[in-house]
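Coordinate inspection notes
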Amino acid sequence: MSKILVTGGLGYIGSHTVVELINAGFEPVIVDDLSNSHPKILDQIIKITGRRPVFHQLDLSDEHGVQNLAAAEHDITGIIHFAAFKAVGESVKEPLKYYRNNIYSLLNLLNAYYSRPVNFVFSSSCTVYGQPDVLPVTENAPVKPAESPYGNTKQIAEEILKDMVASGTNYKVTALRYFNPVGAHDSALIGELPIGVPQNLVPFITQTAIGKREKITVFGDDYHTADGSCVRDYIHVVDLAKAHVAALKLMQENDFSGYDVFNIGTGNGNSVLQIISAFERVTGVKLNYSIGSRRSGDVEQVWGDVSKAEKQLHWKAGLGIDAMMASAWAWEKYISQNPL
Ligand code: NAD
Ligand code: WQD
């Protein structure tokens with residue numbers, strides 16, 4: 001069985017990916033420092049899969065710690081690197097915290113496994129496109145100057161990985177540019193766990209619906225979109241998790257070039273108001289919302305051209321907005337009744 005190191009494997013996307021790796025017959029080894037996750041997520045993964053993955057609690061920005069990890073986990077064949085800080089606003093206020101964590105962790109991992117043949121999947125983001133000139137945006141679209149230090153860490157990381165592959169290491173690298181991951185596992189045992197006030201739309205919706213927040217504000221209805229609110233390509237986290245399995249399988253094929261990049265979304269755009277009304281329709285819960293002013297730094301609209309992933313990764317999103325809303329709501333109800 002192929003052993004795959006999953007950094008950030010107790011986080012939102014990482015935990016769902018660990019489940020899909022087990023379903024696909026891989027042996028995930030989790031590394032997480034619990035800076036944005038909870039140790040009990042491991043128990044939830046065990047409940048879903050009936051398997052107990054090895055777990056190392058480690059801060060990947062600690063160089064010696066990562067060297068020791070590589071000595072202990074010397075027989076891995078792949079790395080899926082989720083571990084990073086991801087709060088855009090916080091990264092503007094504390095840029096060094098983001099450069100330190102997101103860049104050091106990547107460099108430490110790459111150094112520690114440099115001489116080994118490793119298939120590496122990197123968590124990149126549609127944030128690298130900023131506001132694209134052409135929609136849907138393809139992987140060949142120009143990368144725009146980053147809007148935040150967080151976004152810049154994704155651009156820098158992609159450059160580091162490209163340079164490293166060009167230098168002739170044994171690494172094969174796939175960067176996945178995620179659009180907007182939402183939803184939860186259909187068991188409702190794992191999902192997104194925002195610490196403090198959620199920054200993202202769907203957790204804010206579910207926390208408002210359950211009564212943790214009084215109301216949700218729609219950040220602007222005067223954009224040049226059909227209903228005036230911003231448009232995004234929301235992707236179910238379980239579909240996203242499966243894209244990582246597909247990327248590992250692709251790299252196992254001999255003709256894979258050293259570095260490639262894929263958009264991972266549904267290829268469809270939905271506005272904030274469409275998401276709110278889908279949530280209300282699917283759950284039967286009326287949301288208390290109002291229209292507010294624009295949020296600084298928001299792009300107006302972005303959705304992905306996902307044909308490259310469909311053709312080459314043999315992966316396609318299967319779950320729509322209704323499944324995203326229903327699973328996010330089931331998870332919110334579960335976690336409110338069963339706090340970790
Ligand atoms: P998350 O915060 O839920 O998961 C990240 C995990 O990494 C957490 O469990 C955290 O404890 C861990 N971690 C952070 N720094 C670490 C370190 N130095 N050492 C060890 N563990 C560390 O975030 P997520 O939403 O699951 O995102 C996963 C990845 O996907 C991130 O790289 C993020 O930038 C990227 N991404 C996320 C989104 C999104 O909207 N969620 C979109 C595009 C890209
Ligand atoms: C979605 C839409 C908001 C909250 C962020 C990062 C991006 C990527 C994904 C990592 C926007 C609107 C939100 C609210 C609202 N992450 N909104 N009221 O901004 O597309 O992307 O997460 O790489 O880098 O920037 O996602 O969920 O924050 O917002 O109206 O209370 O919902 O304005 O149009 P975003 P989001």
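So, here is what we can say about the structure in this document. (Residues numbered from 1 in each chain as written. Chains lettered and ligands numbered in written order. Predicted model: local features only at pLDDT ≥ 70, side-chain atom pairs only at ≥ 80, totals over all residues. Heavy atoms only, no water.)

Topic: the overall build of the chain
Operational definition: Put simply, DSSP H or I for four residues or longer makes a helix, DSSP E for two residues or longer makes a strand, and each gets a number counted from the N terminus. With C-alpha atoms as the basis for the radius of gyration, the globule rule is written as 2.2 Å multiplied by the number of residues raised to the power 0.38. Think of it in three bands: residues with accessible area under 20% of the maximum for their type are buried, residues over 50% are exposed, and the middle band is partly exposed, with areas taken using a 1.4 Å probe on protein chains only. By the convention used here, residues are in contact when the closest approach between their heavy atoms is within 4.5 Å. Note on areas: these come from Shrake-Rupley sampling with a 1.4 Å probe, and a residue is covered only by the protein chains present in the view. For the charge count, each Lys or Arg is scored as positive and each Asp or Glu as negative, with His and the chain ends excluded. Every charge is mapped onto a representative atom, which is NZ of Lys, CZ of Arg, CG of Asp or CD of Glu.
For the chain, the helix and strand inventory stands at 11 helices and 13 strands. Computed over its C-alpha atoms, the radius of gyration of the chain comes to 19 Å, within 12% of the 20 Å expected for a compact globule of 340 residues. The buried share among the 340 residues of the chain stands at 54%. A separation of at least 24 residues holds for 81% of the contacts in the chain among residues at least 6 apart in sequence. Element-wise, carbon and sulfur atoms account for 50% of the exposed surface of the chain, whose accessible area totals about 14500 Å². If you average the places of the 29 positive and of the 36 negative side-chain charges in the chain, the two averages end up 4 Å apart.

Overview of the site of ligand 2
Operational definition: Put simply, a residue is near a molecule or strand once any heavy atom of it comes within 4 Å of that molecule or strand. Definition of a polar contact: a pair of N or O atoms within 3.5 Å, with one able to donate and the other able to accept a hydrogen when the atoms are protein atoms, and with sequence-neighbouring residues admitted only if both atoms are side-chain atoms. Following the grouping adopted for this structure description, the nonpolar residues are Ala, Val, Leu, Ile, Met, Phe, Trp, Tyr, Cys and Pro, the charged ones are Asp, Glu, Lys and Arg, and the polar ones are all others, Gly among them.
Of all residues adjacent to ligand 2, which total 19 residues, the nearest are S125, Y150, T217, R232 and D298. One nitrogen or oxygen atom from the side chain of N200 is found 3.1 Å from an oxygen atom belonging to ligand 2. Residue D298 places a side-chain N or O atom 2.5 Å away from an oxygen atom belonging to ligand 2. With the chains in place, 88% of the 690 Å² that ligand 2 exposes on its own is no longer accessible. Looking at which element gives the most residues to the shell around ligand 2, the answer is strand β8 (residues 216-219), with 4 residues. Among the residues forming the shell around ligand 2, the class breakdown is 10 nonpolar, 6 polar and 3 charged.

Section: the environment of G65
Its place among the elements puts G65 in helix α3 (residues 63-72). You can call G65 buried: its relative accessible area is 11%. Sequence spacing of G65 and N108 is 43 residues, and the spatial spacing of their C-alpha atoms is 9.2 Å.

Things to note about the packing of aromatic side chains
Here is the rule: For Phe, Tyr and Trp, rings pair up if their centres lie within 6.5 Å, where Trp contributes its six-membered ring, and each pair is then called stacked (planes under 30 degrees apart), edge-to-face (over 60) or tilted (otherwise). To sit over a ring, a charge needs its Lys NZ or Arg CZ within 6 Å of the ring centre and within 35 degrees of the ring normal.
Scanning the model with the defined rule gives 5 aromatic pairs in all. Aromatic pair Y129 and F179: ring centres 6.4 Å apart, planes at 25°, arrangement stacked. With a gap of 50 residues between them, Y129 in the loop between β5 (119-125) and α6 (149-166) and F179 in the loop between β6 (172-178) and β7 (180-182) connect regions that are remote in the sequence. Its relative accessible area of 0% is what places Y129 among the buried residues. For F179, a relative accessible area of 3% corresponds to the buried category. Here the basic side chain of K97 rests over the ring of F85, its NZ or CZ set 5.1 Å away from the ring centre. K308 extends its terminal NZ or CZ atom over the ring of F262, reaching a point 4.9 Å from the ring centre.

A few points about the nonpolar core
Rule in force here: Note on terminology: a nonpolar core comprises buried Ala, Val, Leu, Ile, Met, Phe, Trp, Tyr and Cys residues joined through side-chain atoms within 4.5 Å.
Formed by 39 residues in total, the largest nonpolar core has its most connected members in L21, I45, L176, L248, I264, L313 and W315. Taken together, the elements giving at least two residues each to this core come down to β1 (3-7), α1 (12-23), α2 (40-49), β6, α8 (237-252), β11 (259-264) and α10 (307-313). Per-element tally for this core: the top contributor is α8, with 10 residues. Ignoring anything within four residues of it in the chain, the contact list for L313 reads L176, A243, A246, A247, L250, F262, I264 and K308. Core analysis: the second largest hydrophobic core is formed by 28 residues, F120, A157, L161 and V261 among them.

Describing the pairing of β5
A regular strand places its side chains on the two faces of the sheet in alternate fashion. Condition: Here, strands pair whenever DSSP counts at least two bridges between them. Here a crossover is taken to be right-handed if, once the strands point away from the viewer, the path from the first strand over the helix to the second is traced clockwise.
With 7 of its 7 residues buried, β5 lies for the most part within the structure. Of the two faces of β5, the one holding N119, V121, S123 and S125 and the one holding F120, F122 and S124 are both buried throughout. Pairing of strand β4 (residues 78-81) with β5 involves 4 bridges; the strand directions are parallel. Bridging from a neighbouring strand, H81 pairs with F122 of β5. When β5 meets β6, the two strands line up parallel, connected through 7 bridges. Each residue of the ladder has a partner; that of S124, found in β6, is R177. Taking the sense of rotation as the criterion, the β-α-β connection linking β5, α6 and β6 turns out right-handed.

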